[in-house]
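Given next are the chains, with one letter for each unit.
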Amino acid sequence: MSAGANPYDVAIVGAGPAGLGAAAITAGAGLTTLLLDENPTPGGQIYRAVTTTPLKERSILGGDYWAGAALVAEAQASGAEIVGGATVWSLDASRELAASWAGTSRFIKARRVILATGALERPFPIPGWTLPGVMTAGALQTLLKSSGLVPDGRLVLAGTGPLLWLFAAQLLRAGARIEALLDTTPWANYLRALPHVPAFAISRYAAQGLALRREVARQVEVVSGVTRLRAEGQGGLASVAFAARSGERRLMADVLALHQGVVPNVNLAMAAGIAHRWQPAQLCWVPVLDAAGNTSIDGIAIAGDGTGIGGALAAEAQGRLAGLAAVAAVAPERLARVPDRQLLAQALARAERGRALLDQLFAPPRWSRLPEGDTIVCRCEEVTAGQLLEAVGIGAMGPNQAKAFLRCGMGPCQGRLCGLTVTELISKARGVAPAEVGYFRLRPPVKPITLAELAAMAHTQRAVAAVVRE
Ligand SMILES: Cc1cc2nc3c(=O)[nH]c(=O)nc-3n(C[C@H](O)[C@H](O)[C@H](O)COP(=O)(O)OP(=O)(O)OC[C@H]3O[C@@H](n4cnc5c(N)ncnc54)[C@H](O)[C@@H]3O)c2cc1C
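Computed from a prediction, not measured in an experiment: that's the story for all the values here.

1. Remarks on the state of the cysteines
A full pass over the atoms with the stated rule returns zero disulfides. Here C284 is not cross-linked by a disulfide; its sulfur's nearest cysteine counterpart is in C418, at 16 Å. Cysteine C408 is unpaired, with the sulfur of C418 as its nearest cysteine sulfur at 5.9 Å. Classification of C408 by relative accessible area gives buried; the value is 1%.

This is the structure we're talking about:
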């Protein structure tokens with residue numbers, strides 16, 4: 001319906017459950033809608049490659065995954081213009097995006113922008129985490145979903161969080177062998193989670209979580225209360241060492257899959273100048289939003305895990321609500337063509353039930369968030385924890401001074417893999433709250449683009465202005 005309708009009524013960044021839900025609503029109401037995602041096909045993190053995965057045996061990835069196929073089909077049938085392989089590297093307060101696909105960058109204007117950029121895995125900076133053979137569980141799950149691949153050799157999983165247990169079960173169903181699952185969930189978290197058990201018990205997470213634990217524990221050695229986790233090896237992973245109630249242990253390993261939860265992907269929103277605040281319950285930065293998901297910039301809303309971690313069903317409900325708010329703002333006369341707001345709000349409340357327990361139970365321990373000494377913090381620039389603390393000692397009061405002193409956060413990932421660690425380490429060193437320390441000042445391009453692409457853009461002056469914006 002709306003091929004090439006620049007400016008669009010609505011532009012949505014991210015085709016996960018939130019972006020798909022939003023597009024289904026806005027395009028369904030007849031608004032010109034552009035949905036952009038950097039991955040080749042829609043689905044986001046949870047429904048990654050749901051229309052193309054080589055895994056036809058549905059039990060491997062489970063019912064929640066395949067539920068995404070209907071949502072993708074709904075968005076595709078809505079008339080939204082869905083562009084895969086499209087990376088949005090800039091967004092400004094006039095709601096102009098810069099996006100790159102098929103080797104070309106272009107500007108896109110929209111009356112309303114919905115950011116549905118989702119979540120990233122939290123950094124897990126332990127000694128040896130940069131060794132070949134050490135990966136995140138999410139990266140390995142991406143290989144399973146998109147290519148049907150399982151790791152070869154002696155595989156150890158370590159960390160905390162629902163995704164670790166889900167992925168372990170998916171691997172076992174796919175025929176992989178797991179040497180051990182090293183659970184770093186601190187015992188104290190169980191006590192902190194207790195008050196939230198009643199709400200959790202009636203949520204969909206309770207039965208699912210217990211079933212996954214049982215499925216894994218039947219087939220894999222699970223070691224609880226793990227601390228002092230290290231990946232060891234010269235030029236590659238050879239073993240995993242850790243402490244448990246039974247004392248110090250070491251497992252020979254070829255692959256170590258690390259995971260300690262997911263956090264909002266803030267880069268594009270922060271680079272656009274959207275206000276964020278520190279969220280102590282989830283130990284991360286979240287955008288400051290009103291009840292309808294509107295940000296500090298007029299006409300830009302955020303939905304999904306980019307607002308704070310709520311999971312796929314909450315993301316979809318938030319996306320639909322953000323879509324509804326866009327219709328109300330752009331074409332109120334079309335509100336008759338959208339679902340009842342009350343029903344969507346109830347779906348969101350149901351989806352969020354039980355989240356409080358998950359936040360408390362799976363809060364990663366300080367030892368695995370705050371590295372020491374020679375452990376690398378910034379992988380791009382190979383900056384260690386010791387160097388960062390030295391910089392604080394000579395006056396680096398925040399991440400941006402640390403960046404100037406050490407280049408941490410200046411590499412291709414633009415702080416995605418070190419930002420939280422840098423904020424928390426400086427907070428600890430100075431004895432002040434993370435909110436007072438702040439975060440990197442992010443600027444476009446938030447994802448790497450070639451100079452050739454930038455130079456080839458129409459209105460290059462405007463393109464350069466977008467990049468060198470103060
Ligand atoms: C690696 C990983 C694996 C996960 N696997 C599961 C799982 O199996 N089951 C589960 O229940 N939950 C999983 N989650 C949690 C997941 O965050 C939520 O379940 C859900 O997918 C959140 O939906 P969303 O729409 O907010 O964001 P997402 O699903 O994360 O979708 C956001 C999309 O935006 C894209 N994007 C981000 N920035 C840009 C940009 N600048 N330009 C263009 N595109 C962009 C991303 O690539 C992604 O496709 C996973 C999370 C991660 C990080």
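2. Some words on the nonpolar core
Formed by 70 residues in total, the largest nonpolar core has its most connected members in I12, I114, L157, I178, L181 and V216. Take this core: its biggest share by element is 10 residues, from helix α9 (residues 312–330). Here this core spans two domains, and each of domain 1 (8–120 + 263–338) and domain 2 (123–260) adds at least three residues to it. Those residues in contact with I114 that lie beyond four places of it in its chain are V10, A11, I12, V13, A22, A301, A303, A322, G323 and A326. If you look at the next biggest cluster of nonpolar residues, it comprises 54 residues, including A99, A269, A271 and C418.

3. Digging into the pattern of salt bridges
What the rule picks out here adds up to 16 salt bridges. The partner of E38 in a salt bridge is K447, and the shortest N-O contact between them spans 2.9 Å. Pair noted here: E38 is in the loop between β2 (33–36) and α2 (63–77) and K447 is in the loop between α15 (434–437) and α16 (451–456), with a separation of 409 residues, a long-range link. A residue is classified by how much of its surface remains accessible, and E38, at 39% relative accessible area, is partly exposed. For K447, a relative accessible area of 23% gives the class partly exposed. Close ionic contact of R173 with E215 constitutes a salt bridge, the shortest N to O distance being 2.8 Å.

4. Digging into the packing of aromatic side chains
What the rule picks out here adds up to five aromatic pairs. Three or more aromatic residues link up through ring pairs in this structure, and these residues are W278, W285, Y439 and F440. One Lys or Arg, R58, reaches over the ring of W66 and ends 4.2 Å from the middle of that ring. Above the face of the W129 ring, R379 is positioned so that its terminal group lies 4.6 Å from the ring centre.

5. As for the domain arrangement of the protein chain
Interface size is often expressed as the accessible area that is lost when the parts come together. The assigned domain composition of the protein chain is domain 1 (8–120 + 263–338), domain 2 (123–260) and domain 3 (370–437). Its C-alpha centre places domain 1 at a distance of 30 Å from the equivalent point of domain 3. Contacts between domain 1 and domain 3 engage eight residues on the former and eight residues on the latter. Between domain 1 and domain 3 the total buried area reaches about 660 Å² when both faces are included, carbon and sulfur atoms providing 69% of it. When residues of domain 1 are sorted by the area they lose upon contact with domain 3, N267, W278 and W285 head the list and together hold 69% of the total. Our enumeration of links across domain 1 and domain 3 arrives at zero salt bridges. Applying the counting criterion to the domain 1 and domain 3 interface returns one residue pair in polar contact (both at pLDDT 80 or more). Across the side of domain 1 that touches domain 3, the residue classes break down as six nonpolar, two polar and no charged.

6. Describing the site of the ligand
By nearness alone, 31 residues border the ligand, and D37, E38, Q45, Q141 and D305 come closest of all. One of the backbone nitrogen or oxygen atoms of A18 is found 2.9 Å away from an oxygen atom of the ligand. Measuring from a nitrogen atom of the ligand, one finds a backbone N or O atom of V88 at 2.9 Å. Relative to its unbound accessible surface of 960 Å², the ligand loses 92% to contact with the protein. Mapped by element, the contributors of at least two residues to the shell around the ligand are α1 (17–28), β4 (87–91), β7 (119–121), α3 (137–147), α4 (162–173) and α9. For the shell around the ligand, the per-class residue count stands at 14 nonpolar, 12 polar and five charged. Here the shell around the ligand gathers at least three residues from each of two domains, domain 1 (8–120 + 263–338) and domain 2 (123–260).

7. Observations concerning unusual backbone geometry
Put simply, P444 and P445 share a cis peptide bond, and its omega is 0 degrees. At A102, a position not held by glycine, the phi torsion is positive, near 50 degrees. One non-glycine residue with positive phi stands out, namely L283, at about 50 degrees. Along the polypeptide, L283 turns up in the loop between β17 (276–279) and β18 (284–287). Assessed through its relative accessible area of 16%, L283 is described here as buried.

8. With respect to the pairing of strand β6 (residues 104–115)
Note that strand β1 (residues 8–13) and β6 share five bridges and pair parallel. Pairing of I12 across the sheet is with I114, part of β6. As defined by bridge partners, strand β5 (residues 96–101) adjoins β6 across six bridges and the pair is classed as antiparallel. Following the sheet pairing, L97 is matched in β6 by I108. What sits between the antiparallel neighbours β5 and β6 is a turn of two residues, in which A102 has the positive phi angle 50 degrees. The pairing of β6 with strand β19 (residues 300–302) spans three bridges and is parallel. Bridge pairing in β19 places L115 opposite I302.

Parameters and conventions
- Here the residue numbers are simple positions, counted from 1 along each chain's written sequence.
- Local features in this predicted model are restricted to residues whose pLDDT is 70 or higher, and side-chain atom pairs enter the listing and the counts only when it is 80 or higher, whereas totals over whole chains, interfaces and linings include all residues.
- Just so you know, side-chain values use all the structure's heavy atoms and leave hydrogens and water out.
- Cysteine sulfur atoms are paired as a disulfide whenever they come within 2.5 Å of each other.
- When a residue's accessible area, from a 1.4 Å probe over protein chains only, is under 20% of the maximum for its type it is buried; when over 50% it is exposed; and in between it is partly exposed.
- In this text, buried Ala, Val, Leu, Ile, Met, Phe, Trp, Tyr and Cys residues form a nonpolar core when linked through side-chain atoms within 4.5 Å.
- Helix and strand definitions here come from DSSP, where helices need a minimum of 4 consecutive H or I residues and strands a minimum of 2 consecutive E residues; each element is numbered from the N-terminal end.
- Per the annotation, domain bounds derive from an automatic or database assignment of domains.
- In what follows, a contact means two residues having at least one pair of non-hydrogen atoms within 4.5 Å.
- Salt bridge criterion: a side-chain nitrogen from Lys or Arg within 4 Å of a carboxyl oxygen from Asp or Glu.
- Stacked, tilted and edge-to-face pairs are distinguished by plane angle, under 30 degrees for stacked and over 60 for edge-to-face with tilted covering the rest, among Phe, Tyr and Trp rings (Trp via its six-membered ring) whose centres lie within 6.5 Å.
- Counted as over-ring charges are cases with an Arg CZ or a Lys NZ within 6 Å of the ring centre that also lie within 35 degrees of the ring normal.
- What gets called buried area is simply the loss in accessible area from a 1.4 Å probe that two parts show on being joined, summed for both.
- Between N or O atoms, a polar contact is any pair within 3.5 Å; within protein, one atom must be a potential hydrogen donor and the other a potential acceptor, and residues adjacent in sequence are included only when both atoms are from side chains.
- Each residue gets one label: Ala, Val, Leu, Ile, Met, Phe, Trp, Tyr, Cys and Pro are nonpolar, Asp, Glu, Lys and Arg are charged, and the others, such as Gly, are polar.
- The near set for a molecule or strand comprises every residue that places at least one heavy atom within 4 Å of it.
- Areas reported as accessible are Shrake-Rupley estimates using a 1.4 Å probe. Residue values count occlusion only from the protein chains shown.
- Between any two strands, pairing holds if DSSP finds at least two bridges.

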